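# Structural characterization, general
The chain contents come next:
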Amino acid sequence: VQLQASGGGLVQAGGSLTVSCAVSGRTFSSYTMGWFRQAPGKEREFVAAISWSGGSTRYADSVKGRFTISRDNAKDTVYLQMNSLKPEDTAVYYCAADFRANIYTRNYDYWGQGTQVTVSS
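Residues numbered from 1 in each chain as written. Predicted model: local features only at pLDDT ≥ 70, side-chain atom pairs only at ≥ 80, totals over all residues. Heavy atoms only, no water.

Take the packing of aromatic side chains next. Tallied over the full model, the rule gives six aromatic pairs. Pairing Y31 with F99 gives two aromatic rings, centres 5.4 Å apart and planes at 65°, and the pair type is edge-to-face. In this pair, Y31 sits in strand β4 (residues 31-38) while F99 sits in strand β9 (residues 91-99), placing the two residues 68 residues apart along the sequence. You can call F99 partly exposed: its relative accessible area is 40%. Through successive ring pairs, a cluster of aromatic residues spans F36, F46, Y108 and W111. R44 extends its terminal NZ or CZ atom over the ring of W111, reaching a point 3.8 Å from the ring centre. Its end group placed over the ring of F46, R58 keeps NZ or CZ at 4.1 Å from the ring centre. (Phe/Tyr/Trp six-rings, centres within 6.5 Å; stacked < 30°, edge-to-face > 60°. Helix = DSSP H or I, 4+ residues; strand = E, 2+ residues; numbered from the N terminus. Buried < 20%, exposed > 50% of the residue type's maximum accessible area, 1.4 Å probe, protein only. Lys NZ or Arg CZ within 6 Å of the ring centre and 35° of its normal.)

Have a look at this one:
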């Protein structure tokens, strides 16, 4: 399974950005997908997850109400729409996949290479 994240960039505080993760190699619809982020000097942290069916989602408290995770199983792609961005959202964003796991999984099987999101104040 290969994950390719894209869509990162530079945005002003209060702005919006959507990052995407294209998955190849296995049946995408069988994977719970997650987004994580890592800021400089900090540990990687959970951002959001969506079940393999798309019926359930989970968010970190820090992004709840601002970020939305979604998936298009026809395009083998998961998205993270980020609104009302803050400078503290600046990080490398990684997507991850876990085979038929629930959305509370902590042991993702596969990881993408990350895409940089920078929010200027």
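Still more ground to cover, so stick around.
Another point: unusual backbone geometry. The backbone of D76 sits at a positive phi, close to 55°, despite the residue not being glycine. With respect to the helices and strands, D76 occurs in the loop between β7 (67-72) and β8 (77-82). Positive phi, close to 50°, is recorded for R100, a residue that is not glycine. Position of R100 relative to the elements: it lies in the loop between β9 and β10 (110-111).

Counting 36 residues, the largest nonpolar core has M33, W35, L80, M82 and Y93 as its most contacted members. Each residue touching L80, except ones within four places of it in the same chain, is listed here: L17, T18, V19, W35, V47, A48, F67, T68, I69 and Y93. (Core = buried A, V, L, I, M, F, W, Y, C linked by side-chain atoms within 4.5 Å. Contact = heavy atoms within 4.5 Å.)

Here the focus is the pairing of strand β3 (residues 17-24). In terms of strand pairing, strand β1 (residues 2-6) meets β3 through five bridges, oriented antiparallel. Bridge pairing links Q4 to A22 in β3. Sheet topology places β3 next to β8; six bridges connect them, and they run antiparallel. When the bridges of β8 are listed, T18 appears paired with Q81. (Pairing = 2+ DSSP bridges.)

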